[in-house]
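Observations on the model geometry
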Amino acid sequence: VQLQASGGGLVQAGDSLRVSCAASGVTFSSYYMGWFRQAPGKEREFVAAISRSGGYTAYVDSVKGRFTISRDNVKNTVYLQMNSLKPGDTAVYYCAASETGVTSGYHYWGQGTQVTVSS
């Protein structure tokens, strides 16, 4: 399983950004997909996840109403649309794949993409 994240960058507070994660070497629709992030000096935390069909999503409370996870099983890509960004959202964002469920079993990880939100 190869996951390639992209789309990060430097934005101002209140801006929007969409990060993407392209998968290869797998039957993409067989995997639950998630986004995680790690800020400097902090542990990696769960951000959002989506079921195999895209019909179920989950979010950490701090991003509910601002972030939207989606997937395209034809393009083998998962997206994280981030709106109303805050400086506290600054982190390296990682995509991950799970064979077992939305909330666990994330054994496959991408390389991460940096998102920096300036105040």
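A quick note: this is a predicted structure, and the numbers were derived from the prediction, not measured. (Residues numbered from 1 in each chain as written. Predicted model: local features only at pLDDT ≥ 70, side-chain atom pairs only at ≥ 80, totals over all residues. Heavy atoms only, no water.)

1. Topic: the overall build of the protein chain
A count of helical and extended segments in the protein chain gives zero helices and 11 strands. Relative to the compact-globule value of 14 Å for 119 residues, the protein chain shows a C-alpha radius of gyration of 13 Å, a close match. A buried classification covers 44% of the 119 residues belonging to the protein chain. The contacts of the protein chain with a sequence gap of at least 6 include a subset with a gap of at least 24, amounting to 55%. Approximately 5900 Å² of the protein chain is accessible, and the part contributed by carbon and sulfur atoms is 46%. Looking at the protein chain, you have 10 positive and 7 negative side-chain charges, and the mean spots of the two groups are 3 Å apart. (Helix = DSSP H or I, 4+ residues; strand = E, 2+ residues; numbered from the N terminus. Rg over C-alpha atoms; globule rule 2.2 N^0.38 Å. Buried < 20%, exposed > 50% of the residue type's maximum accessible area, 1.4 Å probe, protein only. Contact = heavy atoms within 4.5 Å. Areas by Shrake-Rupley, 256 points an atom, 1.4 Å probe, with all protein chains shown as cover. Lys, Arg positive; Asp, Glu negative; His and termini not counted. Charge placed at Lys NZ, Arg CZ, Asp CG, Glu CD.)

2. Things to note about the sheet that holds strand E1 (residues 2–6)
Read across the open sheet, the four strands follow the order E1-E3-E8-E7; overall the sheet is antiparallel. Bordering the open sheet on either side are E1 and strand E7 (67–72), each of which pairs with just one other strand. Geometrically, the sheet is characterised by an average inter-axis angle of 15° between neighbouring strands, direction not taken into account. Pairing of strand E3 (residues 17–24) with strand E8 (residues 77–82) involves six bridges; the strand directions are antiparallel. Looking across to E8, one finds that arginine 18 is bridged to glutamine 81. (Pairing = 2+ DSSP bridges. Axes fitted to C-alpha atoms, helices over the stretch in contact; angles between N-to-C directions.)

3. Thoughts on the packing of aromatic side chains
A ring pair, where both rings are aromatic, is described by two values, the distance of the centres and the angle of the planes. In total, this model carries four aromatic pairs according to the counting rule given. Pairing tyrosine 31 with tyrosine 108 gives two aromatic rings, centres 6.0 Å apart and planes at 80°, and the pair type is edge-to-face. With tyrosine 31 in the loop between E3 and strand E4 (32–38) and tyrosine 108 in strand E10 (residues 106–109), this residue pair connects regions lying 77 residues apart in the sequence. Using a relative accessible area of 27% as the deciding quantity, one classes tyrosine 108 as partly exposed. With 5.2 Å between their ring centres and 75° between their planes, phenylalanine 36 and tyrosine 106 make a pair best called edge-to-face. One end of the pair, phenylalanine 36, is in strand E4; the other, tyrosine 106, is in strand E10, and 70 residues separate them in sequence. (Phe/Tyr/Trp six-rings, centres within 6.5 Å; stacked < 30°, edge-to-face > 60°.)

Honestly, that's just the spatial picture; any functional story needs more than this.
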